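Descriptive analysis of the structure
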Amino acid sequence: MFRAFVTFIQSGFARPALLLIVGISPWSVSATDIEPRSYSNIPVGMNFLIAGYAYTKGNVAFAPSVPIKNGQLEIHSTVQAYVRSLDIWGKSGKIDIIFPEAWLSGQADVLGKPRAREISGFADPLVRLYVNLYGAPALSLKEFADYKQDTIIGISLAVTAPGGQYDSTKLVNIGTNRWSVKPEIGVSKTWGALTAEAAAGMFFYTDNDQPFLGNTLAQNRIYNFQGHLIYSFGSGIWGAFDTNYYTGGRTITDNITADNLQQNWRVGGTLALPINRQNSIKINGSTGIYSRSGSSYDIIGIAWQYRWGEGL
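Counting restarts for each chain: residues are numbered from 1 in the order of the written sequence. Confidence filtering applies because this is a predicted model: local features only for residues at pLDDT of at least 70, side-chain atom pairs given and counted only at 80 or more, and all residues used for totals across whole chains, interfaces and linings. Heavy atoms throughout the structure, all of them, feed into the side-chain values; hydrogens and water do not.

By definition, any uninterrupted DSSP run of H or I lasting at least four residues is a helix, any uninterrupted run of E lasting at least two residues is a strand, and each is numbered from the N terminus. For the protein, the helix and strand inventory stands at one helix and 20 strands. Residue exposure (1.4 Å probe, protein chains only): buried if accessible area is under 20% of the type maximum, exposed if over 50%, otherwise partly exposed. Considering the protein as a whole, with its 312 residues, one finds that 51% of them fall into the buried category. Of the contacts formed within the protein by residues at least 6 apart in sequence, a portion of 65% connects residues at least 24 apart. Areas reported here follow the Shrake-Rupley algorithm with a probe of radius 1.4 Å; residue values treat only the protein chains shown as occluding. Surface summary for the protein: the accessible area is close to 13,500 Å², and the carbon and sulfur share equals 60%. Contact criterion: two residues are considered in contact whenever any of their non-hydrogen atoms come within 4.5 Å of each other.

Laid out in C-alpha cells, this is it:
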C-alpha cells in the first residue's frame, strides 16, 4: 500500500493531516501522528492559519496476497488549516479544520514486472475538537500571562470525511472513500522547563463500498499510543523528542480477513521557532524504527503559522 503523511503545525503542537491510501490495506494517517503539545493550554479567542509542506520517501510493504513487491514512494505534501481556541464551559479547548493535498510518485514490481504510478489531489478533510478537562482553564490573553502549567488531562475527537480524490478502478488513491473517527485521551505534566506528555487513542472506520478488486472493504480498529519529552529554551523556542506506536487495523475484503496486522514504532523530533508575535515556524521529522509489515519511510516537514486574536 502507498501512504503519505504530512505534518500540520498549530500553536504548541504538530498535527499530521494527510492520507494517501490504496484499497488493499488502508489505515488512517492519524495512526502515524507524532504531535507534541496537543493538550497544552492556549488563550481563548485565538485564531491560527497554517500552511505546511512535507517530504516523504521510503519503501512500502503490501499484503502477502497481493502480487506487488519492492514498493517505493516519494511524496510532496501540503496542508492548509484553520484553528480556533475555545472556551468550553470554562475549560480550554480548540477546533482544527484541515485540508491536505499531495503529489505522489511510486514504483513497484507487479507480477515480477516494474510498474510506475503518479497521482495528485486533495486528501480527506479532517476536523478535530479538543477539550482540556483538568488543569487548563479557559483564560483570556491577559489572564494567561499568569498561568503556570502543572498537570493537564484532556480529550479529543477527530473525524475524517471521504472528501479526497478517489477512483475505485485504481490501486493507488489519495482519499479513502470512507469515514474515520478517533477518540483520544492525553496527559501533560510540567517540571520547570521540561514537559512530559502521553496520549492514547483508537481509530474506528466505516466500510469502503467501492474498493479496488472487491465489493466491500472493512477495517478493524487501530490502537495508537504516543509520548513526548518537550524542553522550553525560553523566548518561545522549544524542542521535542517524539515517539509513536500503533497496532491493529487488519482489513476485511468481502468477508476475507487479510494477513496485514499493523505494528509500527516511529520516532522523531520537533523544533519551534517564533519569528514575531504573530508568526512562527516549526520544523519536524520522523523515521520508522520497527514495522511488522516491512514498511519504512522518512518524513521531514516545515510549517508557517500566523495567529491573531483579541489582545495581540
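With that out of the way, let us pick up the nonpolar core. Inside soluble globular proteins, nonpolar side chains tend to come together where they are buried. Here, nonpolar core refers to any group of buried Ala, Val, Leu, Ile, Met, Phe, Trp, Tyr and Cys residues whose side-chain atoms link them within 4.5 Å. Ranked by size, the top nonpolar core spans eleven residues in total: Ile 42, Met 46, Phe 48, Ile 50, Val 79, Ala 81, Val 83, Ile 98, Leu 126, Ala 158 and Ala 303. Listing elements by their share of this core, those giving two or more residues are strand S4 (46-60) and strand S5 (68-88). When residues no more than four places from it in sequence are discounted, the contact partners of Ala 158 are Leu 126, Val 127, Arg 128, Ser 180, Val 181 and Lys 182. Listed in part, the nine residues of the second largest apolar core include Leu 73, Ala 123, Val 172 and Ile 174.

What follows concerns the pattern of salt bridges. When a carboxyl oxygen of Asp or Glu lies within 4 Å of a side-chain nitrogen of Lys or Arg, that pair is called a salt bridge. One pass over the structure, following the stated rule, counts four salt bridges. The partner of Arg 128 in a salt bridge is Glu 35, and the shortest N-O contact between them spans 2.4 Å. Of this pair, Arg 128 sits in strand S8 (residues 126-134) while Glu 35 sits in the loop between strand S3 (21-22) and S4, and the two are 93 residues apart along the sequence.

Right, let's talk about the side chain of Ser 92 for a bit. With respect to the secondary-structure elements, Ser 92 resides in strand S6 (residues 91-110). A residue is classified by how much of its surface remains accessible, and Ser 92, at 2% relative accessible area, is buried. Pairing of N or O atoms within 3.5 Å defines a polar contact, subject to two protein rules: one partner must be a possible hydrogen donor and the other a possible acceptor, and residues neighboring in sequence count only if both atoms are side-chain atoms. Only 3.1 Å separates the side chain of Ser 92 from the side chain of Asn 41, close enough to count as a polar contact. Polar contacts involving the side chain of Ser 92 include one to the main-chain carbonyl oxygen of Ala 136, which spans 2.8 Å. When residues no more than four places from it in sequence are discounted, the contact partners of Ser 92 are Asn 41, Leu 86, Tyr 130, Val 131, Asn 132, Ala 136, Pro 137 and Ala 138.

For the rest of this paragraph, the subject is the sheet that holds strand S13 (residues 217-219). Whether two strands pair depends on DSSP finding at least two bridges between them. Spatially, S13-S16-S17 is the arrangement adopted by the three strands of the open sheet, whose pairing is antiparallel. In this open sheet, the two strands that pair with only one neighbour each are S13 and strand S17 (256-257).

So, on to the pairing of strand S19 (residues 279-291). In this sheet, S19 lies alongside strand S18 (residues 262-274) in antiparallel orientation, the contact comprising eleven bridges. Directly across from Trp 265, in S19, lies its bridge partner Tyr 290. Hairpin remark: S18 followed by S19, antiparallel, with four residues in the connecting loop.

This part is about the packing of aromatic side chains. Aromatic pairs are defined between Phe, Tyr and Trp rings, using the six-membered ring for Trp, whenever the two ring centres lie within 6.5 Å; interplanar angles under 30 degrees are classed as stacked, those over 60 as edge-to-face, and all others as tilted. For the structure on display, the rule yields seven aromatic pairs. Geometrically, the ring pair formed by Tyr 306 and Trp 308 is stacked, given 5.9 Å between the ring centres and 25° between the ring planes. A relative accessible area of 33% places Trp 308 in the partly exposed class. Ring pairing ties together the aromatic residues Tyr 82, Trp 304, Tyr 306 and Trp 308, which thus form one cluster. Lying over the aromatic face of Tyr 130, Lys 94 brings its terminal NZ or CZ to 4.6 Å of the ring centre. In this structure, Arg 266 packs its charged tip against the face of Tyr 297, placed 4.3 Å from the ring centre. To sit over a ring, a charge needs its Lys NZ or Arg CZ within 6 Å of the ring centre and within 35 degrees of the ring normal.

This part covers the confidence of the model for the protein. For the protein, per-residue confidence averages 84 on the pLDDT scale, and 85% of positions sit at 70 or higher. A residue's pLDDT is simply how confident the predictor is in it, with values from 0 to 100. Taken as a whole, residues 1-30 scores under 50 in pLDDT and shows 178 contacts with residues more than four places along the chain or in a different chain.

When glycine is set aside, most residues are seen to have a negative phi, and most peptide bonds are trans. Phi at Trp 89 is positive, roughly 55°, even though this residue is not glycine. When you line up the elements, Trp 89 lands in the loop between S5 and S6. On the basis of relative accessibility, which here comes to 84%, the residue Trp 89 falls in the exposed class.

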